[in-house]
Amino acid sequence: MMDKAQSIEEFYQSKLNWIPDNLKKEMGHFNVFELDDFVGCHAKPIPYSRKDFYKISLIEGRNNIYYADKTVVIDEFALLFANPQVPYNWESLDDAQSGFFCIFTDAFFQQYGNFKEYPVFKPGADAVYSLDEEQRQEIRRIFSRMFEEISSDYVYKYDVLRSLVFEIIHSALKFKPATSNPVGKQKAAVRVASLFIELLERQFPIESPMQQMKLRTPADFADHLCIHVNHLNRSLKEVTEKTTSQLIAERILQEARALLKHTNWNISEIAWCLGFEELPHFIHFFKKNVHLTPGSFRNV
């Protein structure tokens, strides 16, 4: 079974064997760490799982990063943006590992700007950014400032820390410009597309063989959004240049790959979780898109 989403309390308990007193305060939570203390040959393995908090990591060293259904090979340096919707982990390829990471909750940014609207935290967007030496030094400087601020007595230090998180986000987007929708999209269509994506993503990740996605067809989503299915199709085509069926199929395929890679569930269970009542329908769907049967894909 895929591990349940790790809570921020479980993170502190498992990694540091203590829980901060202020963890549940209304202002939200933020902290910053040196990655050196959590990596290397004696480090505990990181399970492939979601976290219920946000995390930005500067990774220095050779690694395989497993994010959703993707594998990203890092030869030197990278930034990883992790959000609560997508499971991930990484595998160290050598002992020479270093870097930094910060963690924060949604509540930490309440009324301080909608950081989740940036592409680095969008479902399906690029979450790993390869860095050259100059970019690595730039991000290192920002993390160093985080350490200085969080240990200071400055009354408004958490406002500064929020600004530094945004500085990392903007730096990453400048390193590798995000793909945006063409100019001139109508706000109504963008709003419909945003609500559709939110509904779609809310069904994932699948964390138990007893969990089944309920919204499977364009009509299902249109009913939940209280709009005609043709309106939904037009809006998504305008904003994403893909049909509703394509977007649903792509997300199901992403989850299918992740479940085949990272669980030992049988293929019938995975098919049922993804809304396929008949196993042959799932096998046909998967083979049509991946050119392998689910069993062959799992064994590659």
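Here the structure is shown first, and the text comes after it.
Before going into details, it helps to say that this report is about the structure given with it. Everything numeric in this text was worked out from a predicted model, so none of it was measured. (Residues numbered from 1 in each chain as written. Predicted model: local features only at pLDDT ≥ 70, side-chain atom pairs only at ≥ 80, totals over all residues. Heavy atoms only, no water.)

A word on the packing of helix 5 (residues 218-225) against helix 6 (residues 229-240). For the pair helix 5 and helix 6, the least separation of the axes is 8 Å and the interaxial angle reads 100°. With respect to their mutual orientation, helix 5 and helix 6 come out roughly perpendicular. Of the residues in helix 6, those touching helix 5 at P218, A219, F221, A222 and L225 are V229, L232 and N233. Split into classes, the residues belonging to the contact of helix 5 with helix 6 amount to seven nonpolar, one polar and no charged. (Axes fitted to C-alpha atoms, helices over the stretch in contact; angles between N-to-C directions. Helix = DSSP H or I, 4+ residues; strand = E, 2+ residues; numbered from the N terminus. Parallel < 35°, antiparallel > 145°, perpendicular 65-115°, else oblique. Contact = heavy atoms within 4.5 Å. Nonpolar A, V, L, I, M, F, W, Y, C, P; charged D, E, K, R; others polar.)

Along an α-helix, a turn takes 3.6 residues, which lines up residues three or four apart on a common side. Here helix 9 (residues 279-290) is twelve residues long and its end C-alpha atoms lie 16 Å apart, about the 16 Å a rise of 1.5 Å per residue gives. When we look at burial in helix 9, the residues that qualify are F282, F285, F286 and V290. For helix 9, the angular spread of the buried residues around the axis is 105°, confining them to a single face. Opposite the buried face of helix 9, at more than 90 degrees from it, the exposed residues are P280, H281, H284 and K288. Next to the buried residues of helix 9 lie helix 7 (244-262), helix 8 (267-273) and helix 10 (294-299). Downstream of helix 9 by a residue or two, H291 has a phi angle that is positive, lying close to 65°. (Expected span 1.5 Å × (residues − 1). Buried < 20%, exposed > 50% of the residue type's maximum accessible area, 1.4 Å probe, protein only. Arc of directions from axis to C-beta.)

What follows concerns the pairing of strand 7 (residues 98-104). Along any regular strand the residues' side chains alternate between the sheet's two faces. Within strand 7, seven of the seven residues are buried, which leaves the element mostly enclosed by the surrounding structure. Of the two faces of strand 7, the one holding S98, F100, C102 and F104 and the one holding G99, F101 and I103 are both buried throughout. Here strand 1 (residues 30-34) pairs with strand 7 via five bridges, running antiparallel. Directly across from V32, in strand 7, lies its bridge partner C102. In terms of strand pairing, strand 2 (residues 54-60) meets strand 7 through seven bridges, oriented antiparallel. Pairing of L58 across the sheet is with F100, part of strand 7. (Pairing = 2+ DSSP bridges.)

Let us now look at the packing of helix 7 against helix 9. Direction vectors running N to C along helix 7 and helix 9 enclose 100°, while the axes themselves pass 11 Å from each other. Of the possible angle classes, the one that applies to helix 7 and helix 9 is roughly perpendicular. In contact with A249, I252, L253, A256, R257 and L260 of helix 7, helix 9 contributes F282, F285, F286, N289 and V290. When grouped by side-chain class, the residues that make up the contact of helix 7 with helix 9 number nine nonpolar, one polar and one charged.

Counted according to the given criterion, the structure contains 24 aromatic pairs. Each ring, one from Y54 and one from F115, has its centre 4.8 Å from the other, and the planes form 85°; the classification is edge-to-face. One end of the pair, Y54, is in strand 2; the other, F115, is in the loop between strand 7 and strand 8 (128-131), with 61 residues separating them in the sequence. Residue classification places Y54 among the buried positions, given a relative accessible area of 8%. Counting every residue linked through ring pairs, the aromatic cluster contains F30, Y54, F81, F104, F108, F109, F115, Y118, F121, Y129, Y158 and F166. Geometry around F101 places K55 over its ring, the cationic atom sitting 4.5 Å from the centre. (Phe/Tyr/Trp six-rings, centres within 6.5 Å; stacked < 30°, edge-to-face > 60°. Lys NZ or Arg CZ within 6 Å of the ring centre and 35° of its normal.)

Here helix 7 contains 19 residues, and its C-alpha end-to-end distance of 27 Å stays within 8% of the 27 Å for a straight helix at 1.5 Å per residue. The set of residues buried in helix 7 consists of T244, L247, I248, R251, I252, L253, Q254, E255, A256, A258, L259 and L260.

In terms of nonpolar packing, the biggest core is built from 34 residues, with F196, F221, L232, L274, F282 and F286 touching the most fellow members. Where this core is concerned, the elements lending two or more residues are helix 4 (187-201), helix 5, helix 6, helix 7, helix 8 and helix 9. Among all residues touching F282, those that are not within four sequence positions of it are A256, I267, I270, A271, L274, F276 and P294. With 31 residues, the next largest nonpolar core counts V32, F81, F108 and L131 among its residues. (Core = buried A, V, L, I, M, F, W, Y, C linked by side-chain atoms within 4.5 Å.)

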